[in-house]
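# Residue-level structure breakdown
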Amino acid sequence: FFLMIRRPPRSTLFPYTTLFRSYTDYIRIGRHTARGWQPARVRVSANLDKGGPYVANELIHEDGHAVHMMALRTRPAFFDLGDAVYYEALADVPAWSVAAPDFQRRYLGTVLDPGPSNEALFAGVALDLTWGLFELQMLDHPDADPNQLWSALTERYLHIQPHPELSWWALRVQLVHVPGYMINYALGAVITADLREKIAARQLSPVELTKAVLARAEKLQPVLNCFTQVFRTPRTLRRLIVGGRFS
């Protein structure tokens, strides 16, 4: 697949901040040809001007989407990733390895303090959960002030000082582009945790796990197959992936 990264111009509206944005999509879907199967061609696009665990997490998350798209092997009418809650969860399986010491040692050349590393990872998960709750409450109460609601939720659950004068809930484009989507990240975190637990039972380290996912190794092909067969029901997928209920 293609990875396209560019440094965006500094915002004139917010001169001291830039938003990290990333996106993955098809250039060409997979198809059968006279020479055999031709995998999908995928592009990961990202705007960034600085690094850090969060940026690494996001880039690997998008790479996970790219691998999933290339792993699809079906006719064009069914060429789709399936339910968002599952494919967002799958993309986070390798991305969560960013907080693991052996992953950092291998790919970053250093090891960060485990405390801040895990806090950085799960702070993002907690934010996604809060955004999911925010969307649900806004759907129930469309006349509510989103700034006031977001300030109340982040103060109660994340202990963030409220700033109702700022619309920082709108940092996630999904809130406008695909209303109701944020809950997929919130619920997907539970699935990601169970997937990683199941993979760890196969004695794959975070480094091996990331290499396997990004290289589409045969070790994880059964897991990928669960996600790529969109005709399976969520109950069937759950049983195939974790062997029972999500914990």
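Fair warning: this is a prediction, and the values are worked out from it, not measured in the lab.

## What to know about helix H1 (residues 53-71)
For H1, built from 19 residues, the straight-helix expectation of 27 Å at 1.5 Å per residue is met to within 8% by its first-to-last C-alpha distance of 27 Å. With respect to burial, H1 is a largely interior element, 15 of its 19 residues being buried.

## Concerning the environment of valine 98
In this structure, valine 98 sits in the loop between helix H2 (84-95) and helix H3 (101-107). Its relative accessible area of 7% is what places valine 98 among the buried residues. Measuring from C-alpha to C-alpha, the distance between valine 98 and glycine 52 comes to 9.9 Å, with 46 residues separating the pair along the chain. Setting aside residues up to four positions removed in sequence, valine 98 forms contacts with Pro53, Ala56, Asn57, Ile60, Phe103 and Gln104.

## Section: helix H5 (residues 146-158)
Taking 1.5 Å of rise per residue, 13 residues should cover 18 Å, and H5 covers 17 Å from first to last C-alpha, within 8% of that figure. Turning to H5, its buried residues number three or more, namely Asn147, Leu149, Trp150, Ser151, Leu153, Thr154 and Leu158. Against helix H4 (114-140) lie the buried residues of H5. The residue sitting at the N-terminus of H5 and contributing the capping side-chain oxygen is aspartate 145; that oxygen lies 2.9 Å from the backbone nitrogen of asparagine 147. Downstream of H5 by one or two residues, histidine 159 has phi in the positive range, about 60°.

## Some details on the environment of isoleucine 183
One can find isoleucine 183 in helix H7 (residues 182-201). On a C-alpha basis, the gap between isoleucine 183 and leucine 136 in space is 8.4 Å, while along the polypeptide they are 47 residues apart. Residue contacts for isoleucine 183: discarding those within four places in its chain leaves Gly132, Glu135, Leu136 and Gly188.

## Some words on the packing of H4 against H5
Following both chains from N to C, one finds H4 and H5 inclined at 140°, their axes separated by 10 Å at the closest point. In terms of orientation, H4 lies oblique with respect to H5. Judged by the twist between their axes, the crossing of H4 over H5 is right-handed. In this structure, H4 uses Ala126, Leu127, Thr130, Trp131, Leu133, Phe134, Gln137 and Met138 to contact H5, whose residues at the interface are Pro146, Leu149, Trp150, Leu153, Thr154, Tyr157 and Leu158. When grouped by side-chain class, the residues that make up the contact of H4 with H5 number 12 nonpolar, three polar and no charged.

## Some thoughts on the nonpolar core
Judged by nonpolar contacts, the single largest core of 23 residues is most densely connected at Val42, Trp131, Phe134, Trp169 and Leu175. Those elements that provide at least two residues to this core are strand E5 (41-47), H1, H2, H4, H5 and H7. Among the nonpolar cores identified, the runner-up in size contains eight residues, and Leu90, Val93, Ile191 and Ile199 belong to it.

Reading guide: rules and limits
Here, residues in each chain are numbered from 1, in the same order as that chain's written sequence. Totals for whole chains, interfaces and linings use all residues, but because this is a predicted model, local features are given only for residues with pLDDT of at least 70 and pairs of side-chain atoms are given and counted only at 80 or more. Side-chain metrics in this entry use all non-hydrogen atoms of the structure; hydrogen atoms and water are not considered. Per the convention used, a helix needs a DSSP run of H or I reaching at least four residues, while a strand needs a run of E reaching at least two, with both numbered from the N terminus. Given a helix with a known number of residues, its expected span is that number minus one, times 1.5 Å. Buried means the residue's accessible area, taken with a 1.4 Å probe over protein chains only, is under 20% of the maximum for its type, while exposed means over 50%, and partly exposed covers the values in between. Note on contacts: a residue pair qualifies if any of its non-hydrogen atoms lie within 4.5 Å across the two residues. Counted as a polar contact is a pair of N or O atoms within 3.5 Å, where, for protein atoms, one must be capable of donating a hydrogen and the other of accepting one, and residues adjacent in sequence contribute only when both atoms are in side chains. In this analysis, axes come from line fits to C-alpha atoms, helices being fitted only over the stretch in contact, and the angle between any two N-to-C directions falls in the range 0 to 180 degrees. Relative orientations are named as follows: roughly parallel for angles under 35 degrees, roughly antiparallel for angles over 145 degrees, roughly perpendicular for angles from 65 to 115 degrees, and oblique for any other angle. Crossing handedness: left-handed means the near helix sits turned counterclockwise from the far one by under a right angle, and right-handed means the same turn made clockwise. Residue classes follow a fixed rule: Ala, Val, Leu, Ile, Met, Phe, Trp, Tyr, Cys and Pro count as nonpolar, while Asp, Glu, Lys and Arg count as charged, and any other residue, Gly among them, counts as polar. In these notes, a set of buried Ala, Val, Leu, Ile, Met, Phe, Trp, Tyr and Cys residues joined through side-chain atoms within 4.5 Å is what counts as a nonpolar core.

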